[in-house]
Amino acid sequence: MMQDRISPALSVPSAAPPTGLASRRDVLKASAAAGGLLLSFSLPGLAKAAAMAQAPEGGTALTAYVRIAPDDTVTILSKNPEIGQGIKTMLPMLIAEELDVDWSQVRTEQAPLDPALYERQFAGGSMATPLNWEPMRKVGAAARQMLVAAARRGWDVPESECETASGRVRHLPSGRSLSYGALAAQAATLPVPDLDSVKLKDPRDFKIIGHSIPGVDSPLVVKGHPLFGIDTVVPGMLYAVFQKCPVFGGKVVDANLDVIRKLPGVRHAFVVKGGTALNGLLPGVAIVADSWWRAEKARGKLAVTWDEGATRQQSSAGFAREAAELGKKAPAHRLRDDGNVAAALKGAARVVEAAYAYPFLAHAALEPMNCTAHVRGDKVEIWAPTQNPEPGRTLVAQTLGLDEKNITVHMTRCGGGFGRRLANDYMVEAAWVAKVAGAPVKLVWNRTDDLQHDFYRPAGWHFLKGGLDAEGRLVAWQQHFVSFGENGNFASSAGLASDAYPAGRVPNLSYGASLMQLGVPTGPLRAPGDNALAFVFQSFIDELAHAAGKDPLKFQLELLGQSELLPGRGAGFDTGRARAVLEKVREVSGWGTRSLPARTGLGVAFYYSHLGYFAEVVEASAAADGQVTVHKVWAVGDIGSQIINPTAALNMVQGGILDGLGAALNQKITIEKGRVVEANFDGFAPLRMSQAAPVEVHFLTTNHPPTGLGEPPLPPSIPALCNALFAATGRRIRELPIDSALLKT
Amino acid sequence: MRYTLKVNGRTHAVDVDSDTPLLWVLRDSLDLKGTKFGCGAALCGACTIHLDGAPVRSCVVPIAAVGKSAVTTIEGIGSTPIGARLQKAWLAVDVVQCGYCQAGQIMSAAALLARNKAPDDADIVAAMDGNLCRCATYMRIRDAIKQAAKDEFGSAAAQKKA
Ligand code: FES
Ligand code: FES
């Protein structure tokens, strides 16, 4: 029996150094009693407040998160890296709310990497909201309580007579008041209250949470200030490029280093032996020059003899052939068997059979991978746009044979992440090259490096049979997933959970998998697993609805059935929440009530992903030549009781949905002879403005703890589009990206 | 080779290879980091700057081809009325996600508004389709451009009244 593993949203590719990510999941404890997710946490940063207060910068530090200056400016630190998800605004909003200050007083600052103070510091899995919703508010409330304590001691009055608002403590009976700036020094000498004892506001009293706060760094972004990793400047810095074998895992046999070293501006050219772990330091040739352009130009003259290794036998076309063969056989691994699928299919009034497939995908964050490193003796300083600095530091320590304690990582703003920067391969490359060069070095990848050395969303093939009874009810579901992996373990992000919906709602259901060996590195891409599986599940359910002669949305509601908590991520999959978003999207999209032009259709899909529920309707058409136009998307999300920052939430939902549509319309990574074919944005095309449809977003507010938004909006967008194209043309898209030739009249 | 460059109204002397793209001269010789590298092949627009007011992809313009043309970058566009209005609108609409593309977006938008005071959706797409936003902030980019355009009419109308 194969291990039933969902590829965790955050896992860095397999064989990663210890990442501490498992402990992240340990932190999450589901509580049925509370009907949702309870978080247990400790905040060591608060205990160290006294130590921090000794060395204040820009004011007095009450805790590791909050500094207050005499002029009442409040500096709030954001512990996680900013990748465009708006975390540097959102986490401080939570603290500021309970601290009871005005947002206009607040400055926010990126916290340094220091897990001893801040625990795990990462951007991934849409986890920042569920993990921090309560802890960060308690951080704010604790600091507020210290300020109140300082004031009431000075006045010698009971705490019950004091109130706070807009950064001041007021003594109600006397009307006296003091600003936080005046109280901070005194407050910092007081003990930090026990977090379990601090009181949180009634959400009805929120003044910051739930109000739109524009991105804190945006005023600098629009003026072109140097905020990103690639903008780092270190005095005396040199610039590097690093050429790896185009075939994954290939080794350097020989290189024309003598030629390269003589080229203008080149200071160093050397072979890096590297290792075999695809997420570590790989073999390659480093060229270090006095400008990046000169290093890059020198690379044009580089001639390397590679030992390409076994992966050169692999190709996308070969995998597709092998998958088709495997699909004819029984799955090598059984993931789930409910009822008797074979008998149910035999007895079904109608059987639908289909094969679905999707390609490898790259992340293509707009800021290419880069990192600046300075190695001095046994000390290393690193400036990196990374989603996951802690494992990066561990990787650098292990590879360079240094103590982690001697490695400082500065987290810069990231020009996009999408999961790519959870791996820190570029960080260890920069550190190694800087060490050999004996100078600070900025390593910058070009776009070809980025597209050809990614941790790809794995391709996959699904062979499905569905059976309907005489009333058009779904009674049998058989699914054989041909994926990648070894020894009964799925490759990173290549898994299928045994409890994936519609499991639990079809009496006879089997999931099985067969695995192919893969030499290409894979990893999490925005909504890992779900970004592919939603396409398969939600398209095939739509096929079955049409086969049953039923309205697809109605069919979906019938299949979801009564409100119930099914096994699944977090507290489980709540069919009632899924129903509610579907019903709402039916209403807001005018589903079934509008007449549409010829070759135009509506498609619907929903998904439960990363603790959030999204249902989406896409209106799309296909021209006579098959050209697809998306006219509009309606999205309804349920991520719990509170949208923390509405402007950012809306932006994130729109971006996530358009990201999904871009992948469905445009994108694939092709492997040939063990290497990636696509080399720039002409071959691998992110969505452009001309393809960007308006996305109308609605949120349902429900009595569940707030959860994240980076990922859940994406998965349903792809099947909703494909289902719309079926409604428009009668042609079923079973392979991504969408081939417009299939939609021609 | 030595070159004299006029960037954002100031004259700079640089000594670089003649094939060095203007992008890297701006970023690494002049330390103007606002202009971004995304593809190096005129495919993404992150490196968009103005040469004598015309939007160009600085990653494919060798320094030797710049000649006497005036270079404007994101660091300088805010001192033009259109640039200032766009930056203001960008913040009011809260366009930015990761922000990496936005300098290029604003530069393309500024060139658009300079020749078309009231662009419609099709004009905006035509002018902006070469600028990728991997975070897909396109709806807000469109809105911000329209808002900046409206602002101009607003201020023009106000001036007329006064
Ligand atoms: S970097 Fe110049 S267009 Fe992409
Ligand atoms: S805001 Fe991230 S690329 Fe546009």
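Residues numbered from 1 in each chain as written. Chains lettered and ligands numbered in written order. Predicted model: local features only at pLDDT ≥ 70, side-chain atom pairs only at ≥ 80, totals over all residues. Heavy atoms only, no water.

## Things to note about the overall build of chain B
Stated formally: Each helix corresponds to a stretch of at least 4 residues labelled H or I by DSSP, and each strand to a stretch of at least 2 residues labelled E; elements are numbered beginning at the N terminus. Two things to know: the radius of gyration comes from C-alpha atoms, and the globule rule equals 2.2 Å times the number of residues to the power 0.38. A simple rule labels every residue: compare its accessible area, found with a 1.4 Å probe on the protein chains alone, to the largest value its type can have, and call it buried under 20%, exposed over 50%, or partly exposed in between. Two residues qualify as a contact provided that any one of their heavy atoms is within 4.5 Å of a heavy atom in the partner residue. In these tables, accessible area is a Shrake-Rupley quantity obtained with a 1.4 Å probe, and a residue counts as shielded only by the protein chains included in the view.
Each helix and strand in chain B was counted, giving six helices and five strands. Over its C-alpha trace chain B gives a radius of gyration of 16 Å, about what one expects of a compact globule, namely 15 Å for 162 residues. By principal-axis analysis of the C-alpha atoms, chain B measures approximately 50 × 40 × 25 Å. A total of 162 residues make up chain B; the buried ones form 60% of that total. The long-range share in chain B, meaning contacts at least 24 apart out of those at least 6 apart in sequence, stands at 56%. On chain B, roughly 6,200 Å² of surface is accessible, and the fraction owed to carbon and sulfur atoms is 53%.

## A few points about the overall build of chain A
In plain terms, the rule: For this count, His and the chain ends are skipped, Lys and Arg are scored as positive, and Asp and Glu as negative. Every charge is mapped to an atom, namely NZ of Lys, CZ of Arg, CG of Asp or CD of Glu.
Broken down by element type, chain A carries 20 helices and 32 strands. For 745 residues, the compact-globule estimate of 2.2 N^0.38 gives 27 Å, and the C-alpha radius of gyration of chain A, at 27 Å, lies within 12% of that figure. With the C-alpha coordinates of chain A rotated into their principal frame, the extents come out at 80 × 75 × 50 Å. Residues classed as buried in chain A amount to 64% of the 745 residues present. Restricting to contacts in chain A with at least 6 residues of sequence separation, those with at least 24 account for 76%. For chain A, the exposed surface amounts to about 26,100 Å²; the carbon and sulfur share of it is 51%. Taking the average place of the 74 positive charges on the side chains of chain A and the average place of its 71 negative ones, the gap between the two points comes to 3 Å.

## Quick notes on the nonpolar core
As a reminder of what qualifies: By nonpolar core is meant a set of buried Ala, Val, Leu, Ile, Met, Phe, Trp, Tyr and Cys residues that side-chain atoms within 4.5 Å join together.
Counting 230 residues, the largest nonpolar core has Ile382, Trp477, Leu721 and Ile738 of chain A together with Leu86, Trp90 and Ile145 of chain B as the members making the most contacts within it. Per-element accounting of this core gives the leading share, 10 residues, to helix α16 (residues 530–547) of chain A. Setting aside residues no more than four positions away along its own chain, Ile145 of chain B makes contact with Leu86, Trp90, Ala109, Leu112, Leu113, Pro119, Ile124 and Met128 of chain B. Val74, Leu77, Cys162 and Ile209 of chain A belong to the second largest nonpolar core, which has 48 residues in total.

## What about the sheet that holds strand β27 (residues 600–609) of chain A?
Residues and elements named next belong to chain A. Short version of the rule: A pair of strands is treated as paired once DSSP finds two or more bridges between them. For helices, the fitted axis covers only the stretch in contact; all axes are lines through C-alpha atoms, and the angles between them, taken along N-to-C directions, range from 0 to 180 degrees.
The strand order across the open sheet built from four strands is β27-β28-β29-β32, with neighbouring strands paired in mixed fashion. Of all the strands in the sheet, the pair left with one neighbour each is β27 and β32 (695–699). Strand-to-strand twist in this sheet, taken as the mean axis angle between neighbours without regard to direction, amounts to 15°. Set on the sheet, helix α19 (residues 646–666) makes contact with β28 (612–622), β29 (628–638) and β32; between it and β32 the angle comes to about 130°.

## Overview of the packing of helix α6 (residues 128–155) of chain A against helix α7 (residues 180–188) of chain A
Residue and element names in this part refer to chain A. The line we're drawing: For classification, angles of less than 35 degrees are called roughly parallel, those exceeding 145 degrees roughly antiparallel, those between 65 and 115 degrees roughly perpendicular, and all remaining angles oblique.
Contact geometry of α6 with α7 gives a least axis separation of 8 Å together with a crossing angle of 90°. Taken together, the axis directions place α6 and α7 in an arrangement best described as roughly perpendicular. Contacts between α6 and α7 pair Arg144, Met146, Leu147, Ala150 and Ala151 from the former with Tyr180, Leu183, Ala184, Gln186 and Ala187 from the latter.

## Quick look at the pairing of strand β3 (residues 48–51) of chain B
All names here are of chain B. Side-chain alternation along β3 places Thr48 and His50 on one buried face and Ile49 and Leu51 on a second face that is also buried. Sheet analysis places β3 next to strand β4 (residues 54–57), joined by four bridges and oriented antiparallel. Paired with His50 across the bridge in β4 is Pro55. Here β3 hands over to β4 after two residues, with Asp52 in that stretch at a positive phi of 50°. Here two bridges tie β3 to strand β5 (residues 70–72), and the two strands are oriented antiparallel to one another. Residue pairing across strands places His50 opposite Thr72, the latter belonging to β5.

## A short note on the domain arrangement of chain A
All names here are of chain A. Inclusion rule: Segmentation into domains, and thus their bounds, comes from an automatic or database assignment. In short, buried area is how much 1.4 Å probe accessible area vanishes from two parts on joining, totalled over both. One speaks of a salt bridge when a side-chain nitrogen belonging to Lys or Arg is within 4 Å of a carboxyl oxygen belonging to Asp or Glu.
In terms of domains, chain A is made up of domain 1 (21–211), domain 2 (229–248 + 251–307 + 387–444) and domain 3 (316–360 + 456–743). Residue-level contacts link 15 residues of domain 1 with 15 residues of domain 2. Here domain 1 and domain 2 share an interface that buries about 1,200 Å² over both sides, 58% of which is from carbon and sulfur atoms. Together, Glu82, Ile83 and Leu113 form the three largest contributors to the area buried by domain 1 at its contact with domain 2, with a combined 47%. Summed over the shared surface of domain 1 and domain 2, the result is one salt bridge.

## Observations regarding the sheet that holds strand β7 (residues 162–165) of chain A
Residue and element names in this part refer to chain A. What the three strands build is an open sheet, ordered β7-β8-β9; its pairing is antiparallel. Of all the strands in the sheet, just β7 and β9 (177–179) have a single pairing partner and so form its edges. This sheet shows a mean twist of 20° between the axes of neighbouring strands, independent of strand direction. Relative to strand β8 (residues 168–171), β7 runs antiparallel, the two sharing four bridges. Along β8, the bridge assignment pairs Glu163 with Arg170. Where α7 meets the sheet, it contacts β7, β8 and β9, and its direction lies at approximately 80° from that of β9.

## What to know about the interface of chain A and chain B
Put simply, the rule reads: Any N or O atom pair separated by 3.5 Å or less is treated as a polar contact, with the protein-specific requirement of one donor-capable and one acceptor-capable atom, and with residues adjacent in sequence counted only for side-chain atom pairs. When residues are grouped by polarity, Ala, Val, Leu, Ile, Met, Phe, Trp, Tyr, Cys and Pro land in nonpolar, Asp, Glu, Lys and Arg in charged, and all others, Gly among them, in polar.
The interface of chain A with chain B comprises 59 residues on the first partner and 50 residues on the second. With both sides pooled, the region where chain A packs onto chain B buries about 4,500 Å², and carbon together with sulfur makes up 60% of that total. Looking at the side of chain A facing chain B, the largest losses of area belong to Val222, Leu366 and Met689 of chain A, adding up to 19% of the total buried there. Here chain A is connected to chain B by six salt bridges. Salt-bridge contacts for Arg294 of chain A lead to Asp17 of chain B; the nearest nitrogen and oxygen are separated by 2.7 Å. Run the count over chain A and chain B and you get 28 residue pairs in polar contact (both at pLDDT 80 or more). In terms of residue count, the dominant contributor to the side of chain A that touches chain B is α19 of chain A (nine residues). When its residues are assigned to classes, the side of chain A that touches chain B shows 34 nonpolar, 14 polar and 11 charged.

## Describing the domain arrangement of chain B
Residues and elements named next belong to chain B. Annotation of chain B at the domain level lists domain 1 (2–76) and domain 2 (77–157). With centres defined by C-alpha atoms, the gap from domain 1 to domain 2 works out at 21 Å. A combined buried area of about 1,300 Å² lies between domain 1 and domain 2, and 56% of that area is made up of carbon and sulfur atoms. Its largest share of buried area at the contact with domain 2, domain 1 owes to His50, Ile74 and Gly76, together 37% of the area lost on that side. Linking domain 1 to domain 2 there are zero salt bridges. The interface formed by domain 1 and domain 2 contains eight residue pairs in polar contact (both at pLDDT 80 or more).

## Looking at the environment of Asp202 of chain A
Residue and element names in this part refer to chain A. Tracing the backbone shows Asp202 in the loop between α7 and α8 (218–221). Since its relative accessible area comes to 32%, Asp202 is described here as partly exposed. A polar contact is formed between the side chain of Asp202 and the side chain of Arg204, at a distance of 2.8 Å.

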